[in-house]
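Observations on the model geometry
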Amino acid sequence: METSMEQARDVMAEATATVTALLQGNHLTTASRTELLDFAIAAGALLRTAQAALILTTAEAEERSAGAGLDRFDVSCGCRNVNELMQRTTGAAPTTVKNWSRLGKLVREDLGMTGDRRPARFPALRDALLSGRIGADGLAAATGALDAIRDRVPADHLALADQALAEVTATGEGEEIVLRDEVGEFGDWGALIPDANPVTAQRRVPVMTDTLRVHAGAWATALDQDGAEPQDERARRLRGLYFGTAQDGLVPIRGRLLPDVAAQLQTLIDAINNPHGKEKGVRFRESHEPALSDDRTIGQRAHDALATALTIAASSDVPIIGGAAPTLVVHVTEESLASGTGWAHVTGADATGTNVPVPITVANHTACVGAVQRVITGTNGRVLATTITDRIFNATQRRAIIARDHTCIIPGCHTPARWCEFHHVTEWKDGGPTSIDNGVLLCWNHHRYINTNGWHIRIKNGAPEVQAPDWYDHTQTPRIPART
């Protein structure tokens, strides 16, 4: 029986009300394991169907809004374009609507010159979308690589790939899930799945998006044997890395890396974050207490690993700039550095190329591993005098400290010496000497935040001792870190 728009609208409203009532009633917290799985499967099916509806609705709205004049669908609805119209009607973000529009072009059946509907670019995957086997993410994964080569391969070859990927969505993955007759206060969840029997519905878990992406990539590679060169040329043109303007103490970056560059960076980050393949965590030589996991997020750990790599690169054989190796310059007044309050400034840290304010801790961290140049200026800004104080550990001192510490001395951190920085236990600005008995190895992360992360270091009888944060070691006993 054909369903009218009014009937579909009423069914969707009823389903929405049913699910909303269940969620508001907090019934998920009391659901059994099977009930929760069944509900997730049914909600996923509903999501895929809703996405298909919105993709095709966006496509239809764009077709009705083509051309010029006040009779355009979007303009007649009081919107400047279809994207705004869909934002207002669905509450979706502009980027989400843009994605619906892009996917709609792949599966809509356009009107031909004769008024007849022409097949979609990917008719088999269109059927998979309309039947609820895939949603927006699945369609994007299945068509991305194929649409990129559409103009370089025969249409019948592309049709084979389209059909093969649609068959993957029909096969699905995992065991067959049976939705039992769960009729209760909120009705039968199985009824939320299209064509489900009111008593029992059998559905396979939908194919994963990544699986479709892998299959599509394999087909694209097989069909487009000569596509590597054009793709590489396009990638070469599109590669880039850009700095934004500093906001909230952070400088946003954006860009796209060539695959081999991205792989090198990822390998380097992995190596720095876990150089010995050891389990992260805190441990002391004489302690048998449980390990403390690294509480940084994946993104934070990647950021800190990149900072370590940049520090290593800057001290290596790199091109000079201004007659010297690349040098990070941090400006701070002597009063602010002494008091530990106020702001320092980093030059050229964002897209503006101007001074970006940073905390005093950044000045302390930078100065701990580099030289300090005092510039005395007059009230009118004229430079009156300059002095340079070398506070860098020399080669002999570094070799001795490395032989003693081996790695970052914070227990559980296995960052090797070659990736560590040399830290003054008693700060140089507080009178601490640049000597072996006042220097220890710290990784970039622990060095940067040593004054705020709860760890304390001292040198006793020429050997470093570490005191853990009080929440971890309530005895606050300085301990000798284990050597690795």
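So, here is what we can say about the structure in this document. No experiment lies behind these values; they were computed from the predicted model shown. Residue numbers run consecutively from 1 along every chain, following the written order of its sequence. Thresholds applied to this predicted model are a pLDDT of at least 70 for local features of residues and 80 or more for the giving and counting of side-chain atom pairs; totals over whole chains, interfaces and linings are not thresholded and use all residues. Only hydrogens and water are set aside when side-chain values are computed; all heavy atoms of the structure are taken into account.

Here we look at the packing of helix 7 (residues 136–148) against helix 9 (residues 209–223)
To keep it simple, the criterion reads: Simply put, an axis is a line fit to the C-alpha atoms, just over the touching stretch for a helix, and the angle between two N-to-C directions goes from 0 to 180 degrees. Only DSSP runs of H or I covering at least 4 residues are called helices, and only runs of E covering at least 2 are called strands; the numbering of each starts at the N terminus. Between 65 and 115 degrees an angle is taken as roughly perpendicular, under 35 as roughly parallel, over 145 as roughly antiparallel, and anywhere else as oblique. Crossings are assigned a handedness: left-handed for a near helix turned anticlockwise from the far helix by less than a right angle, right-handed for a clockwise turn. Residue contacts are counted whenever heavy atoms from the two residues lie within 4.5 Å of one another. Just so you know the grouping, Ala, Val, Leu, Ile, Met, Phe, Trp, Tyr, Cys and Pro go in nonpolar, Asp, Glu, Lys and Arg go in charged, and all remaining residues, Gly too, go in polar.
It is at 7 Å that the axes of helix 7 and helix 9 come closest, and there the two elements cross at 15°. For the element pair helix 7 / helix 9, the angle class is roughly parallel. Helix-helix and strand crossings are classified by hand; for helix 7 and helix 9 the assignment is right-handed. Residues Asp-137, Gly-138, Ala-141, Ala-142, Ala-145 and Leu-146 of helix 7 form the contact with helix 9, whose participating residues are Thr-209, Leu-212, Arg-213, Ala-216, Gly-217, Trp-219 and Ala-220. Of the residues that constitute the contact of helix 7 with helix 9, the class distribution is eight nonpolar, three polar and two charged.

Looking at the packing of helix 2 (residues 33–64) against helix 5 (residues 94–107)
Contact pair helix 2 / helix 5: the axes reach a minimum separation of 8 Å and the direction vectors enclose 80°. When the axes of helix 2 and helix 5 are compared, the pair comes out roughly perpendicular. Seen from helix 2, the contacting residues are Leu-54, Ile-55, Leu-56, Thr-58, Ala-59 and Glu-62; seen from helix 5, they are Val-97, Trp-100, Ser-101, Leu-103, Gly-104, Lys-105 and Val-107. For the contact of helix 2 with helix 5, a count of residues per class yields eight nonpolar, three polar and two charged.

A short note on helix 9
Since the α-helix advances by 3.6 residues per turn, residues separated by three or four positions end up pointing in the same direction. Keep this limit in mind: Multiplying one less than the number of residues by 1.5 Å gives the expected span of a helix. Accessibility here uses a 1.4 Å probe with only protein chains present; expressed as a share of the type maximum, an area under 20% marks a residue as buried, one over 50% as exposed, and anything in between as partly exposed. By construction, the arc corresponds to the directions joining the helix axis to the C-beta atoms.
The end-to-end C-alpha separation of helix 9 is 21 Å, in line with the 21 Å expected for 15 residues at 1.5 Å each. Every buried residue of helix 9 is listed here: Thr-211, Leu-212, Ala-216 and Ala-220. The buried residues of helix 9 occupy an angular sector of 165° when the element is viewed end-on, so they sit on one face. Residues of helix 9 that are exposed and point more than 90 degrees away from the buried face comprise Val-214 and Thr-221.

Side note on the nonpolar core
Formally: What makes a nonpolar core is a set of buried Ala, Val, Leu, Ile, Met, Phe, Trp, Tyr and Cys residues whose side-chain atoms join them at distances within 4.5 Å.
By size, the foremost hydrophobic cluster in this structure holds 35 residues, and its most contacted members are Ile-55, Leu-125, Ile-134, Leu-139, Leu-146 and Leu-212. Counting only elements with at least two residues in this core, the list comes to helix 2, helix 4 (82–90), helix 5, helix 6 (123–130), helix 7, helix 8 (155–171) and helix 9. Beyond its immediate stretch of four places on either side in the chain, Ile-55 contacts Trp-100, Leu-103, Gly-104, Val-107, Leu-129, Ala-136 and Leu-139. Listed in part, the 20 residues of the second largest apolar core include Ile-410, Ala-417, Val-425 and Val-440.

Quick word on the pattern of salt bridges
Quick reminder of the rule: When a carboxyl oxygen of Asp or Glu lies within 4 Å of a side-chain nitrogen of Lys or Arg, that pair is called a salt bridge.
Enumeration according to the criterion identifies 15 salt bridges in this entry. Between Lys-105 and Glu-62 there is a salt bridge whose closest N-O contact spans 3.6 Å. With Lys-105 in helix 5 and Glu-62 in helix 2, this pair connects stretches of sequence that are 43 residues apart. Of the charged contacts in the structure, one is a salt bridge between Glu-109 and Arg-126, with a shortest N-O distance of 3.5 Å. Of the two residues, Glu-109 sits in the loop between helix 5 and helix 6 while Arg-126 sits in helix 6, which places them 17 residues apart along the sequence.

Here we look at the packing of aromatic side chains
In plain terms, the rule: Two rings from Phe, Tyr or Trp (for Trp, the six-membered ring) form a pair when their centres sit within 6.5 Å of each other. Planes less than 30 degrees apart are called stacked, planes more than 60 degrees apart edge-to-face, and all others tilted. Placement of a charge over a ring requires the Lys NZ or Arg CZ to be within 6 Å of the ring centre, with the centre-to-atom vector within 35 degrees of the ring normal.
Within the structure shown, the criterion is met by two aromatic pairs. Ring centres of Phe-393 and Phe-422 lie 6.0 Å apart, and the angle between their planes is 40°; this geometry places the pair in the tilted category. With Phe-393 in the loop between strand 9 (383–389) and helix 15 (395–405) and Phe-422 in strand 10 (residues 421–424), this pair connects stretches of sequence that are 29 residues apart. Assessed through its relative accessible area of 3%, Phe-393 is described here as buried. A relative accessible area of 7% means that Phe-422 is categorised as buried. Judged by centre distance (6.3 Å) and plane angle (90°), the rings of Trp-444 and Tyr-449 are edge-to-face. Residue classification places Trp-444 among the buried positions, given a relative accessible area of 8%. Overall, the relative accessible area of 35% leaves Tyr-449 in the partly exposed class. Between Arg-418 and the ring centre of Trp-419, over which it is positioned, the NZ or CZ distance is 4.7 Å.

Quick notes on the environment of Ala-52
Examined against the element boundaries, Ala-52 turns out to sit in helix 2. Sequence separation between Ala-52 and Gly-135 is 83 residues, and the spatial gap between their C-alpha atoms is 6.2 Å.

Details of unusual backbone geometry
Within the chain, Asn-26 stands out as a residue other than glycine whose phi angle is a positive 60°. Checked against the element boundaries, Asn-26 lands in the loop between helix 1 (5–24) and helix 2. On the basis of relative accessibility, which here comes to 46%, the residue Asn-26 falls in the partly exposed class. The phi dihedral of Gln-476 is positive, around 55°, even though this residue is not glycine. Relative to the helices and strands, Gln-476 resides in the segment after strand 13 (463–467).

Details of the environment of Val-168
Relative to the helices and strands, Val-168 is located in helix 8. Sequence separation of Val-168 and His-215 is 47 residues, and the distance between their C-alpha atoms is 8.6 Å. Setting aside residues up to four positions removed in sequence, Val-168 forms contacts with Val-207, Leu-212 and His-215.

Comments concerning the pairing of strand 11 (residues 439–442)
The line we're drawing: When DSSP finds two or more bridges between two strands, those strands count as paired.
Going residue by residue along strand 11, you find Gly-439 and Leu-441 tucked away on one face and Val-440 and Leu-442 tucked away on the opposite face as well. Bridging between strand 10 and strand 11 involves four bridges; their strand directions are antiparallel. When the sheet's bridge partners are listed, Phe-422 is paired in strand 11 with Leu-441.

Interpretation note: all reported values are geometric properties and have no functional meaning in isolation.
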